[in-house]
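Reading the structure
Chain by chain, the residues:
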There are 2 protein chains.
Amino acid sequence: MLRGQGLATDHKTRGTTGRIPFAEQAYNALKQQILGNVLPAGSQFLEQEIAERLNMSRTPTREAMVRLANEGLVEVRPRHGMRVLPISPKDMAEIYDIITALEASAAGTLANLELDKQTLKPLIDAVEEMDRALESDDLQAWADADHEFHSQLVGLTGNRRLINLIATFHDQGQRVRMTTLHMRPRPDKSNEDHRAVVDAILANDAATARDIHRRHRETAGKVLIKLLHEHHLTHI
Amino acid sequence: MLRGQGLATDHKTRGTTGRIPFAEQAYNALKQQILGNVLPAGSQFLEQEIAERLNMSRTPTREAMVRLANEGLVEVRPRHGMRVLPISPKDMAEIYDIITALEASAAGTLANLELDKQTLKPLIDAVEEMDRALESDDLQAWADADHEFHSQLVGLTGNRRLINLIATFHDQGQRVRMTTLHMRPRPDKSNEDHRAVVDAILANDAATARDIHRRHRETAGKVLIKLLHEHHLTHI
DNA sequence: CCTCAAATTAACGTATACCTAAACTTATAC
DNA sequence: GTATAAGTTTAGGTATACGTTAATTTGAGG
């Protein structure tokens, strides 16, 4: 659940005591290590191994594994432990289809809200940051700003379920995007697209906002998947 | 998440032995009881109570609770056990926004696939079933056929993540739809819309398919939410 | 009667124990 | 040497035990 929904991404509100439950520590640690490719795609670990690695018993470990499985980051098979799921081009197509649909819709929603420039500042800032990053040929900074833009786009809708969903699928594609970051052509078109989406939102033109954003993501998805095929990256 | 994603809706493939793990039994039973309003919105249960109710220990019970929480059906608060989450009009708006975006996109996807009438038969059948149900004033049958239509629509895309997502959010809105089923005006327009979506898909007109479906769901969502406000149903 | 602190209770988070069955190893038959 | 069967190991599913801490109750002071 995906992150499923609900608490999956949210930091579970906990009492005034600062203590973080082991189950959540395990979840956070494993997730970070999966996204950071410390636990690479395809790698497997028995419950016991993970528990030892995290200095806790199998119980909270298991709970974390269940949550990660619901989010689609790992697979749990009896007697084989937890396996970090590799992402195939087909998976990436599924992920992009979903992100495309949700973000395009979000862009339309924002356009209908008649927001002022002040409220959209986070979006505008992100676009400018992307420009700067491109100028200085800092692809990592560009990727960060790109993520910031897409994250703010859905964040401004205020739809918590939507925000969590986008985060979940962003995470699923994380490794693939990182792997291919330096294989892509310079993403100048991306920056243009983002600016056009912001303009459409400011003009309260929902149809255009949706359309541009959809095409933007569709294209990005196609480029990425083509790249995967060209480089024979069938399972990342 | 979802169901988060992944295994959430899928029946976990299990060995040739027919035995179903307690954790999964618990998940299935609780989910069924929540959707069927046997465990009504707002009701709370301690881990121990659920465990006793299901004739098992707290361990598999907890695992089921975690999964249900990830899917957004319940909330788990230390010392208060599991609480079946009530759905507010705002929740319903979030849910409909997501379903609308995803299904409209699915309709567009299908239109681009150049499918023949044979492949779309499940969709066409569902529309006809809805007609029959309306003629015989059988609202429950209509709701079932309506669900079948929407389920087939995303099913035909073959996108497993998408299919799971739609199922998750369908579940989240289940109680609300059932509660309001007999408060709605006769859904004649719905059947028209569905037919138009099928036509657009057959005509390989993605933009129209997306548009009609989006408007269809938007309208349905607005009608539903208006109904909730009129009847002061703030938490179902 | 009300307020706040101390004492008590109990729900949960976690660790551990246990048993079953799948995976692996060894042995036996051909 | 291969195939099958018996024996062994071990991972995981579940139950249970235990300590911590939040919630509740009790009681003292006003």
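Our structure is the block above this text.
To start, this report covers the structure provided alongside it. Keep in mind that what you see is a predicted model, and the values were worked out from it rather than measured.

Describing the protein's contact with DNA strand D
- If you check the shell around DNA strand D, you find 19 residues, and the closest are A:R58, A:R62, A:R79, B:F22 and B:S57.
- When atoms of DNA strand D within 4 Å of the protein are split into backbone and base, the sugar-phosphate part holds 60%.
- Between DNA strand D and A:R79 there is a distance of 2.6 Å, counted from a base nitrogen to a side-chain nitrogen or oxygen.
- Between B:R19 and DNA strand D, the recorded distance is 3.0 Å, taken from a side-chain N or O atom to a phosphate oxygen.
- Of all the elements in the fold, those that place two or more residues in the surface near DNA strand D are α3 (58-70) of chain A together with α1 (22-35) and α3 (58-70) of chain B.
- The element that contributes the greatest number of residues to the surface near DNA strand D is α3(B), accounting for 3 residues.
- Looking at the surface near DNA strand D, its residues break down into 7 nonpolar, 5 polar and 7 charged.

Digging into the sheet that holds strand β2 (residues 74-77) of chain A
Residue and element names in this part refer to chain A.
- Spatial ordering of the open sheet is given by β1-β3-β2, a layout of 3 strands whose pairing is antiparallel. Every other strand in the sheet has two partners, leaving β1 (44-45) and β2 as the edge strands with one partner each.
- Inspection of the sheet shows β2 paired to strand β3 (residues 81-84) by 4 bridges, in the antiparallel sense. Bridge pairing links E75 to R83 in β3.
- Sheet contacts for α3: β2 and β3; angle to β2, the most-contacted strand, approximately 125°.

Cut-off values and rules
- Residues numbered from 1 in each chain as written.
- Chains lettered and ligands numbered in written order.
- Predicted model: local features only at pLDDT ≥ 70, side-chain atom pairs only at ≥ 80, totals over all residues.
- Heavy atoms only, no water.
- Near = heavy atom within 4 Å.
- Polar contact = N/O pair within 3.5 Å; in protein donor to acceptor, adjacent residues only side chain to side chain.
- Helix = DSSP H or I, 4+ residues; strand = E, 2+ residues; numbered from the N terminus.
- Nonpolar A, V, L, I, M, F, W, Y, C, P; charged D, E, K, R; others polar.
- Pairing = 2+ DSSP bridges.
- Contact = heavy atoms within 4.5 Å.
- Axes fitted to C-alpha atoms, helices over the stretch in contact; angles between N-to-C directions.

No statement about biological role is implied by the geometric values presented.
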